Amino acid sequence: MVLALLVSGAVVVLVLLGLFVFGLRRRLIQRSGGTFDCSLRWNVPENETEPSGKGWIYGVARYNGDRIEWFRVFSYAPRPRRMLERSAIEVLERRTPQGEEELALLSDSIVLACGHRGTRLELAMSEDALTGFLAWLEAAPPGQRVNVA
């Protein structure tokens, strides 16, 4: 009986510690400011006729100079999973979530199809975050090319 209580208590402590570390990591990512919720779908096929809800990963993006650093929400990694350079981002299209995507994404998300160094990707964010993202893209220093559709 005592052993079962000890094991149960240890499991509860480990779960609480894991949740605390998730929260602490997100707080550290957001500490420097310039963050927004952003789901990512990497390496999207170009000939996809109807988008599916598969492949979307929920994350947080952070502006860092001429880069966007993208972090997975459900991860303990201290480093960003993807880094998108402003000069390499090409906006291809903007659309609302369709079909199963509506269930996979946050409500009121806008999907932005982009190209980055030969890879097609999609970013889903709120309307406010999209406005900020497009303004950041267009605010590139003089001499950098910007491809905003």
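The rules we used
Residues numbered from 1 in each chain as written. Predicted model: local features only at pLDDT ≥ 70, side-chain atom pairs only at ≥ 80, totals over all residues. Heavy atoms only, no water. Helix = DSSP H or I, 4+ residues; strand = E, 2+ residues; numbered from the N terminus. Expected span 1.5 Å × (residues − 1). Buried < 20%, exposed > 50% of the residue type's maximum accessible area, 1.4 Å probe, protein only. Arc of directions from axis to C-beta. Phe/Tyr/Trp six-rings, centres within 6.5 Å; stacked < 30°, edge-to-face > 60°. Pairing = 2+ DSSP bridges. Axes fitted to C-alpha atoms, helices over the stretch in contact; angles between N-to-C directions. Contact = heavy atoms within 4.5 Å. Domains from an automatic or database assignment. Buried area = accessible area lost by both parts, 1.4 Å probe. Salt bridge = Lys/Arg side-chain N within 4 Å of Asp/Glu carboxyl O. Polar contact = N/O pair within 3.5 Å; in protein donor to acceptor, adjacent residues only side chain to side chain. Nonpolar A, V, L, I, M, F, W, Y, C, P; charged D, E, K, R; others polar.

## A short note on helix H3 (residues 127-138)
Working step 1: An ideal rise of 1.5 Å per residue puts 16 Å on twelve residues; H3 measures up with 17 Å between its terminal C-alpha atoms.
Working step 2: Among the residues of H3, Ala129, Leu130, Phe133, Leu134, Trp136 and Leu137 are the ones counted as buried. For H3, the angular spread of the buried residues around the axis is 155°, confining them to a single face. Seen from the open side of H3, the exposed residues pointing more than 90 degrees away from its buried face are Asp128, Thr131 and Glu138.

## Details of the packing of aromatic side chains
How two aromatic rings sit relative to each other is set out by the distance from centre to centre and by the angle between their planes.
Working step 1: A complete count under the given rule lists three aromatic pairs for this structure.
Working step 2: When the centroid spacing of 5.3 Å and the interplanar angle of 40° are considered together, the rings of Phe36 and Tyr63 count as tilted. Placement of Phe36 in strand E1 (residues 35-37) and of Tyr63 in strand E3 (residues 59-64) is noted, with a sequence separation of 27 residues between them.
Working step 3: Chaining the aromatic ring pairs together yields one cluster made of Phe36, Tyr63, Phe133 and Trp136.

## What to know about the sheet that holds strand E2 (residues 39-42)
Working step 1: In space, the four strands of this open sheet follow the order E2-E8-E7-E6, with antiparallel pairing throughout. For this open sheet the edge positions go to E2 and strand E6 (89-95), each flanked by a neighbour on one side alone. Neighbour-to-neighbour, the strand axes of this sheet turn through a mean angle of 25°, independent of strand direction.
Working step 2: As defined by bridge partners, strand E7 (residues 110-116) adjoins strand E8 (residues 119-125) across seven bridges and the pair is classed as antiparallel. Across the sheet, Leu112 pairs through a bridge with Leu123, a residue of E8.
Working step 3: With respect to the sheet, H3 is in contact with E6, E7 and E8, its orientation differing from that of E6 by roughly 150°.

## Examining the pairing of E8
A regular strand places its side chains so that they alternate between the two faces of the sheet.
Working step 1: For E8, a buried count of seven out of seven residues is recorded, marking the element as mostly surrounded by other parts of the structure.
Working step 2: Judged by which residues are buried, E8 turns out to be covered on both faces: Thr119, Leu121, Leu123 and Met125 on one side and Arg120, Glu122 and Ala124 on the other are all buried.
Working step 3: Inspection of the sheet shows E2 paired to E8 by four bridges, in the antiparallel sense. Note on E8: the bridge partner recorded for Arg41 is Glu122.

## Thoughts on the domain arrangement of the protein
Working step 1: Splitting the protein by domain gives domain 1 (1-31) and domain 2 (34-138).
Working step 2: On a C-alpha basis, the centres of domain 1 and domain 2 stand 30 Å from each other.
Working step 3: Contacts between the two partners involve eight residues from domain 1 and, on the opposite side, 13 residues from domain 2.
Working step 4: Between domain 1 and domain 2, the buried area comes to about 870 Å², and carbon and sulfur atoms account for 54% of it.
Working step 5: Connecting domain 1 to domain 2 are zero salt bridges.
Working step 6: Our enumeration of links across domain 1 and domain 2 arrives at zero residue pairs in polar contact (both at pLDDT 80 or more).
Working step 7: Classifying every residue of the side of domain 1 that touches domain 2 by side-chain character gives four nonpolar, two polar and two charged.

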